[in-house]
Amino acid sequence: MADKTLDNLDLGADFYDDDERVTQKGPGSKKKKRAGRSPKKRAAARKAGSTGSAKKKKKRQHSPWWSWPVAVIMLGCLLGLGLAVVYERGQYETFTDMRRTVSLPGFYPGITIDGRDVTGASLEDVLNRWRGEDEARRASYSIALRNGGKQWTVNAEKLDYQSDYDEVIRRAWDIGHLGTVQERYREILELREVGCALSTSYSYDDTVLSDICAEAAETLTSPAVDADVIGFDVETQVFSYSEEAFGTYVDAEALHGLAVQAFASEASKVVDIVQDPVFPKV
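Calculation criteria
Residues numbered from 1 in each chain as written. Predicted model: local features only at pLDDT ≥ 70, side-chain atom pairs only at ≥ 80, totals over all residues. Heavy atoms only, no water. Helix = DSSP H or I, 4+ residues; strand = E, 2+ residues; numbered from the N terminus. Buried < 20%, exposed > 50% of the residue type's maximum accessible area, 1.4 Å probe, protein only. Areas by Shrake-Rupley, 256 points an atom, 1.4 Å probe, with all protein chains shown as cover. Pairing = 2+ DSSP bridges. Contact = heavy atoms within 4.5 Å. Axes fitted to C-alpha atoms, helices over the stretch in contact; angles between N-to-C directions. pLDDT = per-residue confidence, 0-100. Patch = residues over 30% accessible without salt bridge, like charges linked within 9 Å, V, L, I, M, F, W, Y side chains within 5 Å. Salt bridge = Lys/Arg side-chain N within 4 Å of Asp/Glu carboxyl O. Parallel < 35°, antiparallel > 145°, perpendicular 65-115°, else oblique. Left-handed = near helix turned anticlockwise from the far one by under 90°. Nonpolar A, V, L, I, M, F, W, Y, C, P; charged D, E, K, R; others polar. Phe/Tyr/Trp six-rings, centres within 6.5 Å; stacked < 30°, edge-to-face > 60°. Lys NZ or Arg CZ within 6 Å of the ring centre and 35° of its normal. Arc of directions from axis to C-beta.

Description of the overall build of the protein
Here is step 1 of the chain: Scanning the protein for helices and strands turns up nine helices and 14 strands.
Here is step 2 of the chain: Of all 282 residues assigned to the protein, the portion counted as buried reaches 21%.
Here is step 3 of the chain: Carbon and sulfur atoms make up 56% of the accessible area of the protein, which totals about 20,600 Å².

Structure, rendered in structure tokens:
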């Protein structure tokens, strides 16, 4: 009985054939039959299963965590590059305009000297124009103080005549011509908005003129002389007298005023010195 039981016992082994698989789990267990597949079908099934699982894995695959930060950084770089290009282009256009503006020849627009517009004129041309006018004025600074055969000549050389036209013109030229391109450009733009009006001046040493007038006045001034007793004749009982003499007077301050007017005038350059009479008291 025991041997028969052992003969039917398979110790849990599985039996497979091409058509069915029988599994025995012990005495009295029932056989379970399962439809079998050929080796080719099993291989095909395994292949199909692996392909399906691969597709499922691909479908489930997500982008790496670092892809979004990299994309944002790249976008920022592209945006920054675009802004830099726009900025550089604007800077180039501005610099081109600066170079074109500061390269204009002559004096820049907005500058006037003694009320005259010098836009576009060269420095040498303006200097020559004002130099000629100043030389003519210097030549006109010559007057004669005259009375009879006496005369005092007063000219620019004696009066130390001076003019600042050279300094003023060169100062006007420096506007927009000195400094960096940016500094010159700002000055030129400011000139266009508010302008710059400069004036020249000339002068002479009025103290010298006053001294010359005082000298002439003193020379032409003489006091009056009163009549006076100069003797007595005892025998005849007659007094002898000296004759009175009229004097002359020249007002130095008035003469100085006439001389100043003569310098400013373009007409006569001769000042006639008038002597006022001085009457004796006796």
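Once the structure has been displayed, the description carries forward.
Let's talk about the sheet that holds strand β8 (residues 196–198)
Here is step 1 of the chain: Taken together, three strands build an open sheet; the order of strands is β4-β3-β8 and the sheet is mixed. The open sheet terminates on both sides in strands that have one partner only, identified here as β4 (116–117) and β8.
Here is step 2 of the chain: Two elements, strand β3 (residues 111–113) and β8, share three bridges in a ladder whose sense is parallel. Of the residues in β8, the one forming a bridge with Ile 113 is Leu 198.
Here is step 3 of the chain: Running at roughly 175 degrees to β3, helix α6 (residues 165–174) makes contact with β3 and β8 of the sheet.

A word on the pairing of strand β6 (residues 150–155)
Here is step 1 of the chain: With six bridges connecting them, strand β5 (residues 142–147) and β6 associate as antiparallel partners. Across the sheet, the residue bridging to Arg 146 is Gln 151, located in β6.
Here is step 2 of the chain: Joining the antiparallel neighbours β5 and β6 is a turn of two residues, in which Gly 148 adopts a positive phi near 65 degrees.

Some thoughts on the confidence of the model for the protein
Here is step 1 of the chain: On average, residues of the protein score 77 in pLDDT, and 71% of them are at 70 or above.
Here is step 2 of the chain: Taken together, the stretch residues 1–35 has pLDDT below 50 and engages in 30 contacts with residues farther than four places along the chain or on a different chain.

Focus on unusual backbone geometry
Here is step 1 of the chain: The phi dihedral of Asp 114 falls on the positive side, at around 55 degrees, and the residue is not glycine.
Here is step 2 of the chain: Secondary-structure assignment places Asp 114 in the loop between β3 and β4.
Here is step 3 of the chain: One non-glycine residue, Asp 160, lies in positive phi territory at about 55 degrees.
Here is step 4 of the chain: Assignment of secondary structure puts Asp 160 in the loop between α5 (156–159) and β7 (162–163).

With respect to a nonpolar patch on the surface
Here is step 1 of the chain: On the surface, Val 229, Phe 232, Val 234, Phe 239 and Tyr 241 cluster together into a nonpolar patch covering about 520 Å² of accessible area.
Here is step 2 of the chain: Those elements giving two or more residues to the nonpolar patch turn out to be β10 (228–233) and β11 (238–242).

Let's talk about the packing of helix α4 (residues 123–140) against α6
Here is step 1 of the chain: Interaxial distance between α4 and α6 falls to 10 Å at its minimum, and their mutual angle equals 160 degrees. Overall, the two elements α4 and α6 adopt an arrangement that is roughly antiparallel. Judged by the twist between their axes, the crossing of α4 over α6 is right-handed. Counted together, Leu 123, Val 126, Leu 127, Trp 130, Arg 131 and Asp 134 of α4 and Tyr 165, Asp 166, Ile 169, Arg 170 and Trp 173 of α6 form the full contact between these two elements.
Here is step 2 of the chain: Of the residues contributing to the contact of α4 with α6, the split by class is seven nonpolar, no polar and four charged.

Observations regarding the packing of aromatic side chains
Here is step 1 of the chain: Considering all chains together, one arrives at eight aromatic pairs under this definition.
Here is step 2 of the chain: With a centroid separation of 5.0 Å and 80 degrees between ring planes, the pair formed by Phe 107 and Trp 173 is classed as edge-to-face. Of this pair, Phe 107 sits in the loop between α3 (67–102) and β3 while Trp 173 is found in helix α6, placing the two residues 66 residues apart along the sequence.
Here is step 3 of the chain: Given the relative accessible area of 1%, Phe 107 is considered buried.
Here is step 4 of the chain: With 5.2 Å between their ring centres and 80 degrees between their planes, Phe 246 and Phe 279 make a pair best called edge-to-face. With Phe 246 in the loop between β11 and β12 (247–249) and Phe 279 in the segment after β14 (276–278), this pair connects stretches of sequence that are 33 residues apart. Of the two residues, Phe 246 and Phe 279, neither departs from the other in class, the shared state being exposed.
Here is step 5 of the chain: Three or more aromatic residues joined by ring pairs form one cluster here, namely Tyr 141, Tyr 161, Tyr 202, Tyr 204 and Phe 263.
Here is step 6 of the chain: Seen from the ring of Trp 130, Arg 116 lies directly overhead, with NZ or CZ sitting 4.0 Å from the centre.

Remarks on α6
Here is step 1 of the chain: Those residues of α6 lying buried are Tyr 165, Val 168, Ile 169 and Ala 172. For α6, the angular spread of buried residues about the axis comes to 95 degrees, placing them on one side.
Here is step 2 of the chain: In this structure, the buried residues of α6 make contact with β3, α4, β7 and β8.
Here is step 3 of the chain: Residue Gly 176 follows α6 closely and has a positive phi angle near 90 degrees.

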